[in-house]
Amino acid sequence: MNAIETIELTKRYGKRIAVDQLNLTVGTGEVFGFLGPNGAGKTTTIAMLLGLVKPTKGRALVLGYDVQREPALALRRVGAMIEAPAFYPYLSGADNLRVLARAGGIPLERVQRVLETVELSERARDKVSTYSQGMKQRLAIAAALLPDPELIMLDEPTNGLDPAGTVEIRNLIRELAASGRTILLCSHLLHEVEQLCQRVAIMKDGKLIASGDVATLLRRGQGVRVRVQGDPGPAVSLLRTLTWVGSVMVQGETIFVNAPADRAGEINALLIKADIIVAEIGASNSSLEEFFLTVTKAEV
């Protein structure tokens, strides 16, 4: 059984299609990266998975249950941290969690346990107004852990954190994954996703445009790296005319060409024939960030 499965999942708002026939699977026990530019449809998808937004058509299955038909069964072992964490600032961290536990019918014994998990026990009695941003993020993850979830959805869990806070949350995610939980991670920090996730899905304009094992996608993203003398514009224009070149991006002085690495010699010859001086050329092994920019055709 998959932790998450969507079948032709679609959401329309008037004439705008926010999510377009999404077919997505997240396996049990994996850390899955869910990526896309702003407005890609990620948040709407998560809202449909949590039963907060009704699909226009299609189905969303969570832990084997249809979210629309059996929401209580689908979501009883799901925890979520969506957008910025919101707590009562005048209450302690522990009291905030007790409020949530009572509202959700969760035994109060879970509060101390999740505080220990996120390493907030020593500050549990302090008012949330005294917490750092990193502590608030950890408290939000503690809130997501209250139902002892099998599946956790984290939306930008390191947003606004300094490097030390980012490392703390990243290590916490690793610990949660090691405990056998499934984690759906939305993050704009692609280096972080590359470190944490086994598989990823990338959305753009409501559509799924790439998905799969991170290592496999990065091999697919291998291409040719070129640096020329002078203005790279003529080289970029020439390379974009080639039918076997997928895309061409410029980062600083380097041109990244989405083309088979074994055609580097052919690219070199074409540039020389056009009187473009090649200073450097070779195979390029993509990072997840470079792959993301390529498949979403983002301008650099």
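So, how was this worked out
Each residue is numbered by its place in its chain's sequence as written, counting from 1. At least 70 in pLDDT is required for a residue's local features to be given in this predicted model, at least 80 for side-chain atom pairs to be given and counted, and no such filter applies to totals for whole chains, interfaces and linings, which use all residues. Only hydrogens and water are set aside when side-chain values are computed; all heavy atoms of the structure are taken into account. In this analysis, strands are considered paired if DSSP registers two or more bridges between them. Helix and strand labels come from DSSP, where a helix needs a run of H or I of at least four residues and a strand needs a run of E of at least two; each type is numbered from the N terminus. The working definition used for a salt bridge is a side-chain nitrogen of Lys or Arg within 4 Å of a carboxyl oxygen of Asp or Glu. To estimate the expected span of a helix, subtract one from its residue number and multiply by 1.5 Å. Only protein chains enter the area calculation, which uses a 1.4 Å probe; residues under 20% of their type maximum are buried, those over 50% are exposed, and those in between are partly exposed. This arc corresponds to the set of directions leading from the helix axis out to the C-beta atoms. Between two residues, a contact is recorded if the distance between any of their heavy atoms is within 4.5 Å.

Q: Just give me the short version of the sheet that holds strand β1 (residues 4-13), but keep the residues and values in it.
A: Across the sheet, which stays open at both edges, the 4 strands sit in the order β2-β1-β4-β5 with antiparallel pairing between neighbours. Edge strands, defined here as strands with exactly one partner in the open sheet, are β2 (16-26) and β5 (65-66). Looking at chain direction, β1 and β2 are connected through 7 bridges and run antiparallel. By the bridge assignment for β2, R12 is matched with I17.

Q: Outline the pattern of salt bridges, supporting the account with residue identities and numerical values.
A: As enumerated under the stated definition, the model contains 14 salt bridges in all. The salt bridge involving E280 is made with R227; its shortest N-O contact spans 3.3 Å. Of this pair, E280 sits in strand β14 (residues 278-284) while R227 sits in strand β11 (residues 223-228), and the two are 53 residues apart along the sequence. One connected set of salt bridges, linked through shared partners, spans R77, R110, D148, E150 and R181.

Q: Would you mind going over helix α6 (residues 163-178) in detail, with residue names and values included?
A: For α6, spanning 16 residues, the distance from its first C-alpha to its last is 23 Å, which sits close to the expected 22 Å at 1.5 Å a residue. Regarding α6, the residues found buried are G165, T166, I169, R170, L172, I173, L176 and A177. Here the buried residues of α6 occupy an arc of 160 degrees about the axis, which is enough to place them on one side. When the buried face of α6 is taken as reference, the exposed residues oriented beyond 90 degrees from it are P163, A164 and A178. Elements in contact with the buried residues of α6: β3 (31-35), α4 (109-117), α5 (133-145), β7 (151-155), β8 (182-186) and α7 (190-196). Following α6 by one or two positions, G180 has its phi on the positive side, about 95 degrees.

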